[in-house]
Amino acid sequence: MLIDWFTVVAQAVNFLVLVWLLKRFFYQPILNALDARERRIAAELADADAKKMAAEKERNEFQHKNDEFDRQRTALLSKASGEAQAERQRLLAVAQNDFDNLRASREKALSREYRSLSEALTRKTCAEVFAIARKVLTDLASTTLEAHVVEAFIRRVRELGDDEKAQLASAFQSGTVSTPAASTATPMLATVTAVAEEVLVRSAFELSVAQQNAIAAVLKEMLGVKSSVRFAVEPELVSGIELVTNGHKVAWSIENHLASLEKEIGKLLENQTEYGSGPGSAPTVEIPPESR
Amino acid sequence: MHLSPDDIIFWEYGFIKLNATIVYTWGLMFVLAAGSKAITRKLSVGLERARWQNLLEIIVSAIKKQIEEVGLRQSRTYLGFVGTLFVFVATASLFTVIPGYEPPTGSLSTTTALAICVFIAVPLYGIKEQGLGGYLRSYLEPTPLMLPFNIIGEFSRTLALAVRLFGNMMSGTMILAILLSITPFFFPIVMSALGLLTGMVQAYIFSILATVYIAAAASGHGGG
């Protein structure tokens with residue numbers, strides 16, 4: 001008999017025990033490990049998918065931002081270049097304007113300098129001319145000239161107008177200081193403030209007795225001078241002679257001519273300066289007119 | 001010369017006896033259980049894993065796949081039973097490379113025990129899947145006239161299972177023994193290699209047939 005029934009039962013039991021053992025130690029752990037690995041791979045794949053999606057999204061976002069940035073950059077660039085162009089034009093205009101102003105002021109300053117220089121030159125020339133004239137006239141002063149000067153003075157007193165004559169006469173008699181109204185009538189006649197009681201005749205040279213008497217006579221005749229006449233020498237008068245009393249003066253001298261000429265020229269120059277100088281002008285070199 | 005390892009008796013007390021079949025089966029059980037425990041003690045769930053773990057994973061995956069291919073979707077439910085059938089029969093024949101070893105499956109008692117296990121397991125799984133009525137109804141298909149034949153078929157296939165495995169395993173061992181006495185050198189090695197192959201094929205056949213029977217019972221398309 002090939003079948004031993006005890007062995008059959010024992011083997012069946014053995015088999016069932018083996019099933020349990022293998023389930024316990026073989027299939028279950030291996031299946032668990034497989035499941036765990038599958039879960040892990042699935043999780044990793046899902047994670048990778050999620051990451052891919054996120055990366056895709058991020059990439060799209062980045063692309064979008066990049067495009068936006070490009071657009072903004074282009075806009076900004078064009079705007080900036082436009083602004084720069086405008087600014088450049090403005091700055092150029094400002095620079096041009098400044099340049100024009102500067103050139104104008106520079107030209108003005110130059111012309112003013114030129115004018116002041118020429119004016120100073122003129123003044124200097126005049127002063128020199130006058131000095132030379134004075135010197136020449138002083139040098140030329142001689143007895144003959146002095147006689148002519150005295151004659152001229154006498155003639156002048158004789159030719160005084162009625163108004164002036166009356167004024168001088170009253171001045172002589174009252175001894176009050178009169179207004180210098182007569183000085184405008186003729187440049188030869190000037191009134192100065194004087195406190196002298198007597199009549200003073202000043203000349204650049206020593207008058208001879210005859211000349212002194214002639215002058216005193218004509219004063220008495222024409223102006224009714226009663227007080228004594230005093231004579232003094234004043235070299236500055238340059239071949240001249242003058243009558244001074246109580247602030248009134250009757251004079252004739254080359255000095256007076258020169259002075260009035262100098263005054264006229266000075267006035268002319270001042271007019272020129274006023275005409276030439278404008279507001280905002282650069283300071284000019286002032287050369288004061290040479291005084292004698 | 002003995003036909004079955006049942007005849008090699010180590011210890012006997014009344015009807016209880018410890019023959020080579022039982023002892024070698026215990027040896028196999030011990031090796032399988034201890035080896036599995038040793039290998040699965042430190043399993044890796046990562047992508048890197050030990051060779052032995054890889055081997056076991058391949059075996060388990062292959063068995064699982066075969067069960068699914070036969071038509072049982074709940075492959076894990078049947079893995080323990082069918083897998084153990086395959087592993088036991090395969091290991092039993094694989095160990096024939098060890099000199100002095102007699103495969104337990106070369107004993108008709110062992111194969112009968114396995115066939116009886118299948119014989120009992122098939123209706124159990126069928127009832128579990130379809131319920132008692134559903135399972136019993138499957139004996140009446142395609143017509144109630146087929147009921148006796150279905151019942152006969154149920155027994156005959158169990159007998160066939162047992163005898164087929166026994167015949168193959170026993171014959172392999174017998175041929176080896178006979179050849180060893182006739183041509184001692186080269187030919188027995190070739191036959192031994194052939195025996196290993198036959199053992200593997202028989203393990204596959206046994207387990208796949210059991211699976212087919214279970215699948216037939218579980219899906220309710222009648223036995224056969």
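Before reading on, note that the structure itself is shown above.
Below or above, wherever it landed, is the structure these notes cover.

Definitions and cut-offs
Residues numbered from 1 in each chain as written. Chains lettered and ligands numbered in written order. Predicted model: local features only at pLDDT ≥ 70, side-chain atom pairs only at ≥ 80, totals over all residues. Heavy atoms only, no water. Helix = DSSP H or I, 4+ residues; strand = E, 2+ residues; numbered from the N terminus. Buried < 20%, exposed > 50% of the residue type's maximum accessible area, 1.4 Å probe, protein only. Contact = heavy atoms within 4.5 Å. Areas by Shrake-Rupley, 256 points an atom, 1.4 Å probe, with all protein chains shown as cover. Buried area = accessible area lost by both parts, 1.4 Å probe. Salt bridge = Lys/Arg side-chain N within 4 Å of Asp/Glu carboxyl O. Polar contact = N/O pair within 3.5 Å; in protein donor to acceptor, adjacent residues only side chain to side chain. Nonpolar A, V, L, I, M, F, W, Y, C, P; charged D, E, K, R; others polar. Axes fitted to C-alpha atoms, helices over the stretch in contact; angles between N-to-C directions. Left-handed = near helix turned anticlockwise from the far one by under 90°. Parallel < 35°, antiparallel > 145°, perpendicular 65-115°, else oblique. Expected span 1.5 Å × (residues − 1).

### Things to note about the overall build of chain B
Step number 1: The number of helices and strands found in chain B is six helices and two strands.
Step number 2: Helices and strands in chain B line up, N terminus first, as β-β-α-α-α-α-α-α.
Step number 3: Expressed as a percentage of its 224 residues, the buried residues of chain B come to 44%.
Step number 4: Summarising the internal contacts of chain B: among those between residues at least 6 apart in sequence, 66% fall at separations of at least 24.
Step number 5: Accessible area for chain B stands at about 11,700 Å²; split by element, carbon and sulfur atoms hold 71% of it.

### Describing the overall build of chain A
Step number 1: Helix and strand content of chain A: five helices and five strands.
Step number 2: N-terminal to C-terminal, the α/β element order of chain A is α-α-α-β-β-α-β-β-β-α.
Step number 3: Counting across all 292 residues of chain A, residues that qualify as buried make up 31%.
Step number 4: Summarising the internal contacts of chain A: among those between residues at least 6 apart in sequence, 79% fall at separations of at least 24.

### Looking at the side chain of glutamate 154 of chain B
Residues and elements named next belong to chain B.
Step number 1: The topology assignment puts glutamate 154 in helix α5 (residues 147–182).
Step number 2: In this structure glutamate 154 comes out as buried when scored by relative accessible area, which is 8%.
Step number 3: Setting aside its immediate chain neighbours within four residues, glutamate 154 contacts Phe119, Val122, Tyr135 and Tyr139.

### Remarks on the interface of chain B and chain A
Step number 1: Contact with chain B, which involves 48 residues of that partner, is made by 31 residues of chain A.
Step number 2: Taking both sides of the interface into account, the surface hidden between chain B and chain A amounts to around 3,600 Å²; carbon and sulfur atoms contribute 75%.
Step number 3: Here chain B and chain A share three salt bridges between them.
Step number 4: Linking lysine 17 of chain B and aspartate 4 of chain A is a salt bridge whose minimum nitrogen-to-oxygen distance equals 3.3 Å.
Step number 5: The tally of links between chain B and chain A comes to 12 residue pairs in polar contact (both at pLDDT 80 or more).
Step number 6: Looking at the side of chain B that touches chain A, the elements that each hand over two or more residues are β2 (16–19), α1 (20–40), α2 (51–70), α3 (75–94) and α4 (108–137) of chain B.
Step number 7: Considering each element in turn, the side of chain B that touches chain A owes the most residues, 10 residues, to α1 of chain B.
Step number 8: Its residues assigned to classes, the side of chain B that touches chain A comprises 26 nonpolar, 15 polar and seven charged.

### Focus on the packing of α2 of chain B against α3 of chain B
Residues and elements named next belong to chain B.
Step number 1: For the pair α2 and α3, the least separation of the axes is 9 Å and the interaxial angle reads 115°. Crossing handedness for the pair α2 and α3: right-handed. From α2, Val60, Ile63, Lys64, Ile67 and Glu68 reach across to α3, where they touch Ser75, Arg76, Tyr78, Leu79, Val82, Gly83, Phe86 and Val87.
Step number 2: Its residues assigned to classes, the contact of α2 with α3 comprises eight nonpolar, two polar and three charged.

### Details of the side chain of threonine 21 of chain B
Step number 1: Along the chain, the position of threonine 21 of chain B falls in helix α1.
Step number 2: By relative accessible area, threonine 21 of chain B is classed as buried at 0%.
Step number 3: Dropping the residues within four chain positions of it, threonine 21 of chain B is found in contact with Thr7 and Gln11 of chain A together with Pro5, Asp6, Pro104, Ser107 and Thr110 of chain B.

### As for the packing of helix α1 (residues 5–140) of chain A against α2 of chain B
Step number 1: At a closest axis distance of 10 Å, the pairing of α1 of chain A and α2 of chain B adopts a crossing angle of 95°. The angle between α1 of chain A and α2 of chain B places the two elements in the roughly perpendicular class. Along its contact with α1 of chain A, which presents Phe26, Tyr27, Ile30, Leu31, Ala33, Leu34 and Arg37 of chain A, the element α2 of chain B presents Gln53, Leu56, Glu57, Ile59, Val60, Ser61 and Lys64 of chain B.

### Describing α5 of chain B
Residues and elements named next belong to chain B.
Step number 1: The end-to-end C-alpha distance of α5, which contains 36 residues, comes to 51 Å, matching closely the 52 Å that a straight helix rising 1.5 Å per residue would cover.
Step number 2: Taken residue by residue, α5 has Asn150, Glu154, Arg157, Thr158, Leu161, Ala162, Leu165, Phe166, Met169, Met170, Met174 and Leu179 as its buried positions.
Step number 3: Among the structural elements, α3, α4 and α6 (187–219) are those in contact with the buried residues of α5.

### Points about the pattern of salt bridges
Residues and elements named next belong to chain A.
Step number 1: Counting across every chain of the model gives 12 salt bridges over all chains.
Step number 2: In this structure, the salt-bridge partner of aspartate 47 is lysine 51, at a minimum N-O distance of 3.4 Å. On the criterion of helical spacing, the pair formed by aspartate 47 and lysine 51 is a turn pair, its members being four residues apart in helix α1.
Step number 3: The class of lysine 51 is exposed, set by a relative accessible area of 54%.

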